[in-house]
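# A look at the structure
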Amino acid sequence: MSELKNDRFLRALSKQAVDVTPVWMMRQAGRYLPEYRASRSKAGDFMSLCMNPQFACEVTMQPLDRYPLLDAAILFSDILTIPDAMGLGLYFETGEGPRFKKTVRTAADVDALPIPDPHKDLGYVMDAVSTIRRELNGRVPLIGFSGSPWTLATYMVEGGSSKDFRLAKALAFNSPELMHALLDKLAQSVTSYLNAQINAGAQAVQIFDTWGGALSHNAYREFSLAYMQKIVDGLVREKDGRAVPVILFTKNGGQWLESIAATGATALGLDWTTDIGEARRRVGGKVALQGNMDPTMLYASPQRIRQEVATILESYGHGSGHIFNLGHGITPEVDPEHARVFIESVHELSDKYHR
Ligand code: CP3
């Protein structure tokens, strides 16, 4: 494997000195880019992009080619590949978001779920990882990812997206043993899926716990954090002589940072509702922090975006351990030139915090 030419992202994760704060964006390959929309219509649809390693590689590279200052690549795929590989039949209805042909609501449904073999059942993802690594040729590190067990379970029980998680929460509250059996299968599946991504070439992994923050204080520990803990305990943490960092991102999890940091994760992803300086005072001794500009700020003027980047950098303060990102994925209507202002401002305004 080729030497990394830009290892700022990995250095910041292990709090080694950096020249400027590294930056990437969740959903950086996506619909706000015209070149992404062109690739998607060439492939036919979103899932065909994910399932064809050449297309997945092509769209992973698009934001890096457009914005040479990006410090990391993220595998182009989706968190719902695991439930699809478990036989639920994932499809996307335009404008409707993800849907499953089958749902998981009974003991028989849970019992019937296989634990996917990452090479046999998700081989297209592993092929995408190795294809992207080859194409990157050491330019920046590649991030692999998965959904958290709880977040995946919400989609599997509801059959798609949900506003209130009525069915998934009712299942957890009425039949906790059933929800635990489902989460346990998902934790095993996610662990072997992420380890396979690491073995195929992912140099860091992120767990997207998008809906953990919809749970109550106690339910978060019981149904989300406990299973992320199992995953962290089961992951390969070193490869080719280098640490493989694990980033846990619980959206709306700002009130639980100490507990999340106690899992042994390398870094915590923060959404924009948490002050990053305060988060650093709370858990900065234990973990690195990733985030956390409100993605909606990208609809504001370039001057306002720069000002917000400056505010977040100042809040984090001096020294390493910060990976700049948005507090959630970039949205389809963003002007790509505003994303450029965001990325360039991070490097331009952060060097004084590293001298
Ligand atoms: O960050 C990246 O650039 C990597 C790619 C990535 C995608 N999805 C591509 C995608 C990642 C990391 C995800 C994760 C994901 N997928 C999450 C967790 C992160 C988050 O944003 O909270 C969730 C909840 C999903 C499930 C999912 N997939 C949803 C809710 C949607 C959007 C549906 C819609 O129409 O708005 C998707 C589709 C999806 N995943 C798209 C992309 C680029 C858009 C699909 C398209 O091109 O039509």
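Located above this text is the structure these notes cover.
Counting starts from 1 at the beginning of each chain's written sequence and moves along it residue by residue. Since the coordinates come from a predicted model, pLDDT governs what is reported: local features require at least 70, and pairs of side-chain atoms require 80 or more to be given and counted, while whole-chain, interface and lining totals use all residues. Each side-chain value is derived from all of the structure's non-hydrogen atoms; neither hydrogens nor water enter the calculation.

## A few points about helix H9 (residues 166–174)
The test is simple: Burial classes follow relative accessibility: with a 1.4 Å probe on protein chains only, a residue under 20% of its type's maximum area counts as buried, one over 50% as exposed, and anything between as partly exposed. The way it works is that DSSP assigns letters per residue, a run of H or I at least four long becomes a helix, a run of E at least two long becomes a strand, and they are numbered from the N terminus. Here the arc refers to the set of directions running from the helix axis out to each C-beta atom. Residues count as neighbours in contact if any of their non-hydrogen atoms are within 4.5 Å of one another.
Burial in H9 covers these residues: Ala168, Lys169, Leu171 and Ala172. One face of H9 carries all of its buried residues, which in axial projection span an arc of 155°. Away from the buried face of H9 by more than 90 degrees, exposed residues Arg166, Phe173 and Asn174 are located. Contact partners of the buried residues in H9: helix H8 (149–158), helix H10 (176–200) and helix H11 (217–234).

## Observations regarding the packing of helix H14 (residues 302–316) against helix H15 (residues 336–350)
Basically, it comes down to this: Geometry is summarised by axes, namely lines fitted to C-alpha atoms with helices restricted to the contacting stretch, and by angles between N-to-C directions that run from 0 to 180 degrees. Should an angle fall under 35 degrees it is taken as roughly parallel, and over 145 as roughly antiparallel, whereas 65 to 115 is taken as roughly perpendicular and any remaining angle as oblique. Two helices cross in a left-handed way if the nearer one is turned anticlockwise from the farther one by less than a right angle. They cross in a right-handed way if the turn is clockwise.
Viewed as axis vectors pointing N to C, H14 and H15 meet at an angle of 40°, and their least axial separation amounts to 9 Å. As the angle between them shows, H14 and H15 are arranged oblique. Classified by chirality, the crossing of H15 by H14 is right-handed. Touching Pro302, Ile305, Arg306, Val309, Ala310 and Leu313 of H14 are His338, Val341, Phe342, Ser345, Val346, Glu348, Leu349 and Ser350, all from H15.

## As for the sheet that holds strand S11 (residues 322–326)
Strands belonging to one sheet form pairs held by backbone hydrogen bonds; the direction of such a pair is parallel or antiparallel. Selection rule: By definition, two strands form a pair when at least two bridges between them are found by DSSP.
Reading across the sheet, the 7 strands line up as S1-S4-S5-S8-S9-S10-S11 and stay open at both edges, with parallel pairing between neighbours. On the outer flanks of this sheet lie strand S1 (73–74) and S11, each paired with one strand and no other. Two elements, S1 and strand S4 (residues 142–147), share 2 bridges in a ladder whose sense is parallel. Considered in S4, the bridge of alanine 73 is made with leucine 142.

## Looking at the pairing of strand S2 (residues 90–93)
Note that S2 and strand S3 (residues 97–100) share 4 bridges and pair antiparallel. What sits directly across from tyrosine 91, in S3, is arginine 99.

## Some details on the site of the ligand
Applied cut-off: Proximity criterion: a residue is near a molecule or strand once any of its heavy atoms comes within 4 Å of it. Any N or O atom pair separated by 3.5 Å or less is treated as a polar contact, with the protein-specific requirement of one donor-capable and one acceptor-capable atom, and with residues adjacent in sequence counted only for side-chain atom pairs. To be clear on the numbers: accessible area is Shrake-Rupley with a 1.4 Å probe, and residue cover counts the displayed protein chains and nothing else. For this scheme, ten residues count as nonpolar: Ala, Val, Leu, Ile, Met, Phe, Trp, Tyr, Cys and Pro. Four count as charged, namely Asp, Glu, Lys and Arg, and the remainder, Gly too, count as polar.
Taken together, 23 residues form the shell around the ligand, and within it Arg27, Tyr36, Arg40, Asp78 and His328 come nearest. Between the ligand and alanine 29, the relevant distance is 3.4 Å, taken from an oxygen atom to a main-chain nitrogen or oxygen of the residue. Between an oxygen atom of the ligand and a side-chain N or O atom of threonine 210, the distance comes to 2.8 Å. Considered on its own, the ligand offers 890 Å² of accessible surface; in the complex 88% of this is hidden by protein. At the level of elements, helix H2 (34–43) and S3 are the ones that each hand at least two residues to the shell around the ligand. For the shell around the ligand, the residue count by class is 14 nonpolar, 5 polar and 4 charged.

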